[in-house]
Amino acid sequence: IVFVGYGLYVLLMLSNYLKGYVEYYYQTKWCRTSEILCLFLFGPASYEAAQSDGKVTYDMVAYYAVYNMNEYLSFAVLILLVLACVVHVVIHRVAAIEKWWATVVVAAVYTLLLTGLLISAAAYGRLRVESGSGQWVTSIEFVIINLSTLMSFFTDAPFLGHFLWWFVATALYYGLGVTTIGATVKIDESYNAIRNGANAVSGCVILTMYSIILLFGSCLRDKSNRKQFLQRVLMVKQQNQIIREKSRNERMQRHFLENILPASVVEKLQLQQEQWSLQLQHDKIQTSSISQRHFGVGMLYADLVGFTSFCKQVDPFSVMVFLNDLFEVFDG
């Protein structure tokens, strides 16, 4: 499921570039037909792009995307995700490595993505002060919402991991946002700079509510996972107890039978019982005799005269001693 999250993030980045290309195409198309409408709706940047030679470049597509990511950062993100997949495969294939390292790797990957992308977005916001672009605000929100959603649904990170990740995200959002707003307003006191700052502040409310929802869901899932784990532990414990009791009963039954019957007969009885169990599954029961033929055996039938009155006069222990001595004489 972790690989699905990584793959979806790559698709999100590709859709981000697709959105940038589509918006660039339609804005430049409009700007070639009407200069006034272009300047009013899209601004001077789109008009300048429409007056170019028409060759689509990476910078143009990234400028119109939700998140402006340069090619070097894109390549670094792709390398990070590939390395993360390799590390996960190694962790799950090598028995000597503890499996909890997979959770640590997931948290590290999502935290590195968050930190690198937010710093890049804030740096881009400072570089584009003169254009009045508010893309850095939507870029930061885009990164946080996408990463937090993927981390919530496609990782097994516990509630504490999600809480720490949101703590880092909040610190970066407020820290980078405040410094970027201050820098842009100080350089450019136009309406666009103030509007971008207001959008960043309003985004705090949205991200706060979104973080509460995801953290609450993570807490409920963590609680459910603990409950399921305890149920599985209890079930395994009960199964082991049943197996121990069954083994104990079988040993007692064998010991009891061996006190009555010869060991060879007991083994035949057990073998026959196993065969009956298999035959019951196929609705076919075949019985076999466990009797044995012995040659050179004599049988003595004797009636002890006055034995009943004798038993009434002596204690049971004396009766047993008398019988034991008597049978020893018969056996001799």
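Residues numbered from 1 in each chain as written. Predicted model: local features only at pLDDT ≥ 70, side-chain atom pairs only at ≥ 80, totals over all residues. Heavy atoms only, no water.

### With respect to the overall build of the protein chain
Step number 1: If you tally the helices and strands in the protein chain, you get 12 helices and zero strands.
Step number 2: The buried share of the protein chain, reckoned over its 332 residues, is 29%.
Step number 3: Residue pairs at least 24 apart in sequence account for 67% of intrachain contacts in the protein chain once pairs closer than 6 positions are excluded.
Step number 4: Summed over its atoms, the accessible surface of the protein chain is roughly 22600 Å², and 66% of this surface lies on carbon and sulfur atoms. (Helix = DSSP H or I, 4+ residues; strand = E, 2+ residues; numbered from the N terminus. Buried < 20%, exposed > 50% of the residue type's maximum accessible area, 1.4 Å probe, protein only. Contact = heavy atoms within 4.5 Å. Areas by Shrake-Rupley, 256 points an atom, 1.4 Å probe, with all protein chains shown as cover.)

### Here's the deal with the environment of leucine 207
Step number 1: Inspection of the secondary structure assignment puts leucine 207 in helix α9 (residues 191-260).
Step number 2: Apart from residues no more than four positions distant in its own chain, leucine 207 is found in contact with Glu141, Ile144, Ile145, Trp166 and Tyr173.

### Things to note about the pattern of salt bridges
Step number 1: Within this structure, the stated rule accounts for two salt bridges.
Step number 2: For lysine 19, the salt bridge identified is with glutamate 23, shortest N-O distance 2.4 Å. You can see lysine 19 and its partner glutamate 23 sitting in helix α1 (residues 2-33), four residues apart, about one turn around the helix.
Step number 3: Residues arginine 226 and aspartate 222 are paired through a salt bridge, measuring 3.3 Å at the closest nitrogen-oxygen approach. Taken as a pair, arginine 226 and aspartate 222 lie in helix α9 at a separation of four residues, close to a single helical turn.
Step number 4: What makes arginine 226 exposed here is its relative accessible area of 51%. (Salt bridge = Lys/Arg side-chain N within 4 Å of Asp/Glu carboxyl O.)

### Looking at helix α5 (residues 71-93)
Think of an α-helix as 3.6 residues a turn; residues three or four steps apart then line up on the same face.
Step number 1: In a regular helix each residue adds 1.5 Å, so 23 residues correspond to 33 Å; α5 covers 33 Å between its end C-alpha atoms and thus fits that length.
Step number 2: Those residues of α5 that fall on the buried side of the exposure criterion are Leu73, Ser74, Val77, Leu81, Ala84, His88 and Ile91. (Expected span 1.5 Å × (residues − 1).)

### Looking at a nonpolar patch on the surface
Step number 1: A cluster of nonpolar side chains, Leu18, Tyr21, Val22, Tyr25, Tyr26 and Val56, forms an exposed patch at the surface whose accessible area comes to about 570 Å².
Step number 2: Along the chain, the position of valine 56 falls in the loop between α3 (44-50) and α4 (58-64).
Step number 3: The exposure class assigned to valine 56 is partly exposed, which follows from its relative accessible area of 37%. (Patch = residues over 30% accessible without salt bridge, like charges linked within 9 Å, V, L, I, M, F, W, Y side chains within 5 Å.)

### Quick look at the packing of aromatic side chains
Step number 1: Evaluation of the coordinates by the stated rule reveals six aromatic pairs.
Step number 2: On the basis of an interplanar angle of 90° and a centroid distance of 5.5 Å, the ring pair of tryptophan 165 and tryptophan 166 is categorised as edge-to-face. Like tryptophan 166, tryptophan 165 is buried. (Phe/Tyr/Trp six-rings, centres within 6.5 Å; stacked < 30°, edge-to-face > 60°.)

### Considerations on the environment of tryptophan 136
Step number 1: Of note, tryptophan 136 is situated in helix α7 (residues 135-153).
Step number 2: Distance in space between the C-alpha atoms of tryptophan 136 and tyrosine 67 is 7.5 Å, their sequence separation being 69 residues.

### Quick word on the side chain of serine 218
Step number 1: Considering the arrangement of structural elements, one finds serine 218 in helix α9.
Step number 2: The contact partners of serine 218, leaving out residues within four places of it in the chain, are Pro158, Phe159 and His162.

### Digging into the nonpolar core
Across soluble globular proteins, nonpolar side chains show a tendency to be buried alongside one another.
Step number 1: Counting residues in each nonpolar core, the largest one holds 45 residues, and the members touching the most others are Tyr9 and Leu114.
Step number 2: For this core, the elements supplying multiple residues, two or more each, are α1, α5, α6 (101-127), α7, α8 (159-187) and α9.
Step number 3: Setting aside chain neighbours within four positions, we find tyrosine 9 in contact with Val77, Leu81, Leu113, Leu117, Leu147 and Leu150. (Core = buried A, V, L, I, M, F, W, Y, C linked by side-chain atoms within 4.5 Å.)

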